[in-house]
Amino acid sequence: MKAIVTVMLKNGVLDPQGEAVKSALGGLGFSGVNSVRQGKLIELDLAEGTDPAQIDEMCNRLLVNAVIESYQLDIA
């Protein structure tokens, strides 16, 4: 069983890495990039039957800073 956790900064939180990527893209001649938000993807390989509530708890206690980040959980 795999769980994919996609973590992004919440709207309104400054994203200096995203701004650096946007600037670098402009410097390389790529126009039309209005904004960039950078996040992280965490892939968990879990035992079959792991309770989704337990995965949410993992996210809230360790994987995500709930003050500035939000996450999306996909279980396959």
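(A) Examining a nonpolar patch on the surface more closely. There is a patch of nonpolar side chains on the surface, built from Leu28, Phe30 and Val33 and spanning about 310 Å² of accessible area. In this structure, Val33 sits in the loop between helix H1 (16-27) and strand S2 (40-45).

(B) Molecular detail of the environment of Val67. With respect to the element layout, Val67 can be found in the loop between helix H2 (52-63) and strand S3 (69-75). For the pair Val67 and Leu9, spaced 58 residues apart in sequence, the C-alpha to C-alpha distance is 9.3 Å.

(C) Molecular detail of the pattern of salt bridges. All chains considered together, the criterion is met by three salt bridges. Of the charged contacts, one joins Glu69 and Lys40 as a salt bridge, the two residues approaching to 3.9 Å between their closest N and O atoms. Remark: Lys40 occurs in strand S2 and Glu69 occurs in strand S3; sequence separation between them is 29 residues. For Glu69, a relative accessible area of 14% corresponds to the buried category. A salt bridge links Arg61 to Glu57, with the nearest nitrogen and oxygen atoms 3.0 Å apart. With Arg61 and Glu57 both in helix H2 and four residues apart, this pair spans about one turn of that helix.

(D) Geometry of the nonpolar core. Ranked by size, the top nonpolar core spans eleven residues in total: Met1, Ala3, Val5, Val7, Ile42, Leu44, Leu46, Ile55, Cys59, Leu63 and Val64. At the level of elements, strand S1 (2-9), S2 and H2 are the ones that each hand at least two residues to this core. Ignoring sequence-local partners within four residues, the contact set of Val5 consists of Lys40, Leu41, Ile42, Leu44, Cys59, Tyr71, Gln72 and Leu73.

(E) Highlighting the sheet that holds S1. Here we have three strands laid out as an open sheet, ordered S2-S1-S3, and antiparallel in their pairing. Of all the strands in the sheet, the pair left with one neighbour each is S2 and S3. Within this sheet the neighbouring strands show an average axis-to-axis angle of 20°, counted without direction. Relative to S2, S1 runs antiparallel, the two being bridged by six bridges. Pairing of Val5 across the sheet is with Ile42, part of S2. Relative to S3, H2 is tilted by about 150°, and along the sheet it contacts S1, S2 and S3.

Thresholds, definitions, all that
- Residues numbered from 1 in each chain as written.
- Predicted model: local features only at pLDDT ≥ 70, side-chain atom pairs only at ≥ 80, totals over all residues.
- Heavy atoms only, no water.
- Patch = residues over 30% accessible without salt bridge, like charges linked within 9 Å, V, L, I, M, F, W, Y side chains within 5 Å.
- Areas by Shrake-Rupley, 256 points an atom, 1.4 Å probe, with all protein chains shown as cover.
- Salt bridge = Lys/Arg side-chain N within 4 Å of Asp/Glu carboxyl O.
- Helix = DSSP H or I, 4+ residues; strand = E, 2+ residues; numbered from the N terminus.
- Buried < 20%, exposed > 50% of the residue type's maximum accessible area, 1.4 Å probe, protein only.
- Core = buried A, V, L, I, M, F, W, Y, C linked by side-chain atoms within 4.5 Å.
- Contact = heavy atoms within 4.5 Å.
- Pairing = 2+ DSSP bridges.
- Axes fitted to C-alpha atoms, helices over the stretch in contact; angles between N-to-C directions.

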